Amino acid sequence: MTETPTPYPPGARVYARAAEWIVSQCAPVQGGYKVTAVGASEFVRDETSVFFTGIEPVELLRPEDTELESDRSPGFATSRLYLEAVLRRTPLPQTEKGLALPGRFLLDSLPYQLRPAELALKGLRPRILLADVVGLGKTLEIGLILAELIRRGRGERILVVTPQQVLEQFQHELWTRFSIPLIRLDSIGLERIQQDIPAGRNPFLYYKRIIISVDTLKNEGRYGQHLDEMDWDAVVIDESHNLIGEASLRNRLAKRLARKADALLLASATPHNGKAESFAELIRMLDPAAIVDKTHYSAKEIEHLYIRRTKVSPEVRDQMGTRWPDRGPSVPVPCEATPAEERIFEELTEVWLAGERREGGPVVDARNRLFPYTLLKSFLSSHKALAATVGNRLKNATEPREIEALESLKTLTAKMTDDDSAKLDALVTQLRRLGVAARSQTRVVVFSESVPTLKWLKEVVPARLGLPDDAVAIMHGGFSDTEQQRIVEEFSLADSKVRLLFTGDVASEGVNLHRECHDLIHYDVPWSLIRIEQRNGRIDRYGQKHAPQFKALILTSDVEGAKDDRTVALKLLEKEETAHRAFGTAEAVTGEYTPVQEERRLIQDLLDGKSVEESLEDSAPDFLADLFGSVGADPAQPDPLLADVPALFADTRAFVDEAVRSLRLLPDLEDDGEMLSFTPPPDLVHRLSVLPKAYLRAHKLDERMRVTFDTELAGKKLAEARRTKTMWPDIAYLSDLHPMVEWLTDKVLVRLGRQKAPVIVAENVSEPVFLIQGVYSNKLGRPTVVEWMAVSGDPPAVQDASMLEVLKAAKVGPGMLNKALPLDVEPLQRRLVPAVTAARAHLEGRRVGYDAEISELLEPFRSGVEIWEQRTLDGARTQTQTKEAKDTAEEQRRLIDQMETTGEPLLRVLAVLVGENA
């Protein structure tokens, strides 16, 4: 391929504003060039800047200008650390599809959780939908993908978007498990940084890696322009089924982010609403050219974009073993209606639910025919919920007959006292049997759909159990984001006083309640299998140590024709149980894919005279149900492909130990073999400043930092932290991505000096060997080819053995002895330019082969776009559709073109090996 020469090709290192940078883009402008570059030096690392060569000097760092210097450090530590730091800082090339970091984080090694990362790295861009069912560990799967992107230089700017109640939970998991720090921009966090930055400045430029709630971010007037100014390496959107709906603010937000992101990770256990068009809309955010006909498409068309497993999928089941106990049965607890409740059942049955059979006709007109079931569901929750529903309806009712019926129901409800509630008595009895008491450790979560019911239970239950007020918590959608996070955190703490959590279905999506709780009671049962499953999934999830137990209060009536909880709730409870055990999920049973649609469909069928069983039987599986059969569930799958990651040191621990000892940056370091403890320098403290202030203060991390490579100790400390109010451990696990490791790596790189390369005296070296890194990049500045070359001989030539093989043969390692022999580097300096010339010629000679490898990698995507465009144009009916198809295809071709190798190879002299007689 022919490229227009540029003096600053992508990947080149330049020196400007007293720092080193790596060029990502270069474009000619009047008077010179516009150079976009990413910081490589310590104080500008990963920062993006633009330089105009016509008004400021931008020096191209040529490998031929490298200055050699003798390494006199003990054991040649300076050289070895420098080589390892370069290896760590060099992104893996795009041809490397294997996983680089499995087994290096604080989590169980489960291959099924690596599958999403494996799938994401196969694509043109890392864009997938993680559709595993509730509880399998989607947050961990997201963390593994982000870690792989970071190692590849594609994860510097990350935006995570979640529901507000799981912000801290998500932030906590990514830090404690992976050492990935995110700044949490909840309402308080946003207010704080707005005070820290100049008015009008983009808050998303202020931090590299952010987590924020979808409800905060969807404010287009406040954040739209700021988001349009941003480009993200990776965007994560959790509970992404909430994005469906062309007219919604969340949908527009997601499309805005999809356009500005390289990697896009969508996560949802229920990722569609049963409509093919809506799911196609979600898939097209990932890949606009994936689906031709949005009304019908096959799993084959989108298999590169999503992964779906359940707890009963063979691979999951085989690997899970005893790590996740099987759930107990869903136990119905019959509650015989009291006389006061029976009178209300009579009123509802004879007046409101009789419909056309009622003398004088229905109470409500055809437009409001669903309302009687709203009354019924409210009553099946509590008399308080019914009173609220009746009161709200009376405010807007205009028909005399309806007003009269509402007033009658209001009177009956007002006569009912707390002592007339059969469910309340049953709840207290069940809680006592479970052991909930003032000095007990037992915890229970109680769900209700009704806010009035929740508030009432919070008022009356504690006294009946002899619980103090601080032993009971309540949560519903009316709470702020920070308050919801606080409640979830408190319920998860082992030493928290909270024993009982009354919550609405705001906690049924994404919230972890399983840390200290394995008992759940449905005070009222949703008329939705999906919602029942979501609720149960709060305690039935990976990491649960006890068999989850579920109970549901079933209000029964002797009134003839009464639709009590046996009519719907009991049957749905049994159906969810059966579906879960057989299929691992209940979502496709009704043929509806959102709780609201599922409930509406069921009520409509009841109005039409069908039973619940008939309604479920009539819900024939559609093609989406077939599409969402388990994906990636074959137990015979090979182990995930591992990347060939170059390294000089045995592991990260060896690198950190050597760097700390040699650089002497931590003079008060204490190492007891399990834990490192030290006073962190200010620039290291700054790297941690994005973490919660309460965590930093509680453990005084600016005064003393404690870290460990020991997974057993780190796991123990994480478990202990869950018994404290911080939730955050005082000893952090040191993964490859931890800020301390990155800080040490930067310190090593700047220690040697700009355009310097060390000379190492080693064994088995008969003539000087120049160690040279060669990189080809694509138009995005990302490596397509990385070669680690060893050049020797006269005339010089690249050896067949790689740099690492040569280093191993020369026994460059921790056992080296530096005798600090006098060394004349001038003869070596004279040989440097020919060595660089030989390395460049070697790379250019292999360019055709490199290009062929990249082309082969990209060809399936090119042909896929061609096929999609032709099929779409064949089906286009309007000029608008034709134009959209052509524009989409052209954009996809542009993306593919950007992945191709461009420009000349970039070389960097890293070191020179010589023998003792040099």
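Refer to the structure printed above.
Everything numeric here is computed off the predicted structure, so don't read it as measured data.

Enquirer: What is the right way to read a nonpolar patch on the surface from this model?
Expert: Together, Val29, Val50, Phe52 and Ile55 give the surface a local cluster of nonpolar side chains, amounting to about 340 Å² of exposed area. Along the chain, Val50 turns up in strand E4 (residues 48–52). Judged by relative accessible area, Val50 falls into the partly exposed class, the value being 32%.

Enquirer: Even after reading the chapter, I still don't get helix H5 (residues 187–196), so can you show me in this structure?
Expert: Owing to its 3.6 residues per turn, the α-helix brings residues three or four apart onto one side. Taken as a whole, H5 has its buried residues at Gly189, Leu190 and Ile193. With its buried residues spanning 95° around the axis, H5 presents them on a single face. Looking at H5, the residues exposed on the side facing more than 90 degrees away from the buried face are Glu191 and Gln195. In this fold, the buried residues of H5 make contact with strand E9 (183–185), strand E10 (209–213), helix H6 (214–217) and helix H7 (220–228).

Enquirer: Help me out: how do you make sense of unusual backbone geometry in this one?
Expert: Leaving glycine aside, a negative phi is the common case for residues, and trans is the common case for peptide bonds. Residue Asp794 is joined to Pro795 through a cis peptide bond whose omega torsion reads 5°. With respect to the element layout, Pro795 can be found in the loop between strand E26 (783–792) and strand E27 (797–798). If you check the backbone angles, Asn764 has positive phi at about 55° while not being a glycine. Secondary-structure assignment places Asn764 in the loop between strand E24 (756–761) and strand E25 (769–778). One non-glycine residue, Ala820, adopts positive backbone phi at about 55°. Structurally, Ala820 is set in the loop between helix H29 (803–809) and helix H30 (826–845). Residue Ala820 is classed as partly exposed on the basis of its relative accessible area of 36%.

Enquirer: Quick question: what am I supposed to make of the sheet that holds strand E17 (residues 500–503) here?
Expert: Strands sit in the order E14-E19-E18-E15-E17-E16 across an open sheet of 6 strands; the sheet is parallel. Two strands lie at the open edges of the sheet, namely strand E14 (330–336) and strand E16 (472–475), each paired on one side alone. Shown here is a sheet whose adjacent strand axes are inclined to one another by a mean of 20°, direction ignored. Across 4 bridges, strand E18 (residues 519–522) lies against strand E19 (residues 549–556) in parallel orientation. Paired with Ile521 across the two strands is Lys551, which belongs to E19. Running over the sheet, helix H18 (residues 481–492) touches strand E15 (444–447), E16 and E17 and is turned about 140° from E16.

Enquirer: It is not clear to me how the pairing of E25 should be interpreted in this structure. Could you clarify?
Expert: Working note: regular strand, side chains alternate between the two faces of the sheet. For E25, the tally of buried residues reaches 10 of 10 residues, placing the bulk of the element in the interior. Residues of E25 alternate between two faces, with Val769, Leu771, Gln773, Val775 and Ser777 on one and Phe770, Ile772, Gly774, Tyr776 and Asn778 on the opposite face, all of them buried. With 9 bridges connecting them, E25 and strand E28 (residues 901–914) associate as antiparallel partners. By the bridge assignment for E28, Ser777 is matched with Thr902. Where E25 and E26 come together, 8 bridges link them in antiparallel fashion. Residue Leu771 lies in a different strand from E26, and its bridge partner there is Ala790. Here E25 hands over to E26 after 4 residues, with Gly781 in that stretch at a positive phi of 80°.

Enquirer: Please clarify how helix H2 (residues 111–122) should be interpreted in this entry.
Expert: Under the 1.5 Å per step criterion, the end-to-end length of H2 is 17 Å for 12 residues, consistent within 8% with the ideal 16 Å. Taken across its 12 residues, H2 has 10 buried, putting it largely inside the fold. The set of residues buried in H2 consists of Tyr112, Gln113, Leu114, Arg115, Pro116, Ala117, Glu118, Leu119, Ala120 and Leu121. Of the surrounding secondary structure, the elements contacted by the buried residues of H2 are strand E7 (127–130), helix H3 (138–151), strand E13 (306–307) and helix H11 (314–320).

Enquirer: Looking at this structure, how should I read the side chain of Gln113?
Expert: Structurally, the position occupied by Gln113 is in helix H2. Polar side-chain contacts of Gln113 include one of 3.3 Å to the side chain of Tyr112. The contacts of Gln113, once residues within four sequence positions are left out, are Leu107, Asp108, Leu136, Gly137, Leu140, Glu141, Leu144 and Tyr542.

Enquirer: Quick question: what am I supposed to make of the layout of surface pockets here?
Expert: Left-over empty space is what a probe sized like a water molecule reveals as it rolls over the atoms. For the second largest pocket, the calculated volume is near 1200 Å³. Taken together, 49 residues make up the lining of the second largest pocket; nearest its centre are His514, Arg515, Tyr542, Gly543 and Gln544. Broken down by secondary-structure element, the contributors of at least two residues to the lining of the second largest pocket are H3, helix H4 (167–178) and helix H27 (711–721). With 4 residues, H4 is the largest single contributor of residues to the lining of the second largest pocket. Its residues assigned to classes, the lining of the second largest pocket shows 13 nonpolar, 19 polar and 17 charged.

Enquirer: Just to check I follow, could you spell out the packing of aromatic side chains for this structure?
Expert: When we look at a pair of aromatic rings, we describe it by the centre distance and by the angle of the planes. All chains considered together, the criterion is met by 12 aromatic pairs. Summarising the aromatic geometry, the rings of Tyr206 and Tyr207 are spaced 4.9 Å apart at their centres and angled 85° between planes, so their arrangement reads as edge-to-face. Using a relative accessible area of 16% as the deciding quantity, one classes Tyr207 as buried. Ring centres of Phe345 and Phe379 lie 5.0 Å apart, and the angle between their planes is 80°; this geometry places the pair in the edge-to-face category. Linking Phe345 in helix H12 (residues 339–352) with Phe379 in helix H13 (residues 371–381), this pair joins segments that are 34 residues apart in sequence.

Enquirer: I'm lost on the environment of Glu346 in this one. Help?
Expert: Following the sequence through the fold, Glu346 ends up in helix H12. On the basis of relative accessibility, which here comes to 36%, the residue Glu346 falls in the partly exposed class.

Enquirer: For this particular structure, what's the right way to read empty space enclosed by the protein?
Expert: For the coordinates displayed, the defined rule picks out 7 cavities of 30 Å³ or more. Counted as a void, the largest cavity has a volume near 180 Å³. Around the largest cavity, the lining comprises 13 residues; the ones closest to its centre are Gln169, Val488, Glu489, Ser492 and Met727. Broken down by secondary-structure element, the contributors of at least two residues to the lining of the largest cavity are H4 and H18.

Enquirer: So what exactly am I meant to see when it comes to the nonpolar core here?
Expert: In terms of nonpolar packing, the biggest core is built from 123 residues, with Phe204, Leu217, Leu257, Met740, Ile772 and Leu913 touching the most fellow members. Within the second largest apolar cluster, 89 residues are counted, among which are Ala426, Leu427, Val506 and Trp527.

Enquirer: Just checking my understanding: could you explain the packing of helix H1 (residues 77–89) against helix H24 (residues 652–663) for this structure?
Expert: For the pair H1 and H24, interaxial distance at closest approach is 10 Å and the crossing angle is 135°. In terms of axis orientation, H1 runs oblique to H24. For the crossing formed where H1 meets H24, the hand is left-handed. On the side of H1, the interface is formed by Ala77, Arg80, Leu81, Glu84, Ala85 and Arg88, while H24 contributes Thr652, Phe655, Glu658, Ala659, Ser662 and Leu663. Of the residues assigned to the contact of H1 with H24, the class counts are 6 nonpolar, 2 polar and 4 charged.

Rules used in this analysis
Residues numbered from 1 in each chain as written. Predicted model: local features only at pLDDT ≥ 70, side-chain atom pairs only at ≥ 80, totals over all residues. Heavy atoms only, no water. Patch = residues over 30% accessible without salt bridge, like charges linked within 9 Å, V, L, I, M, F, W, Y side chains within 5 Å. Areas by Shrake-Rupley, 256 points an atom, 1.4 Å probe, with all protein chains shown as cover. Salt bridge = Lys/Arg side-chain N within 4 Å of Asp/Glu carboxyl O. Helix = DSSP H or I, 4+ residues; strand = E, 2+ residues; numbered from the N terminus. Buried < 20%, exposed > 50% of the residue type's maximum accessible area, 1.4 Å probe, protein only. Arc of directions from axis to C-beta. Contact = heavy atoms within 4.5 Å. Pairing = 2+ DSSP bridges. Axes fitted to C-alpha atoms, helices over the stretch in contact; angles between N-to-C directions. Expected span 1.5 Å × (residues − 1). Polar contact = N/O pair within 3.5 Å; in protein donor to acceptor, adjacent residues only side chain to side chain. 1 Å grid on protein atoms, 1.4 Å probe; cavity = no way out; pocket = protein on both sides within 12 Å on 5 of 7 lines; lining within 4 Å. Points joined across faces, edges and corners; volume = space filled by probe spheres on them. Nonpolar A, V, L, I, M, F, W, Y, C, P; charged D, E, K, R; others polar. Phe/Tyr/Trp six-rings, centres within 6.5 Å; stacked < 30°, edge-to-face > 60°. Core = buried A, V, L, I, M, F, W, Y, C linked by side-chain atoms within 4.5 Å. Parallel < 35°, antiparallel > 145°, perpendicular 65-115°, else oblique. Left-handed = near helix turned anticlockwise from the far one by under 90°.

Treat this as a map of the structure, not an account of what it does.
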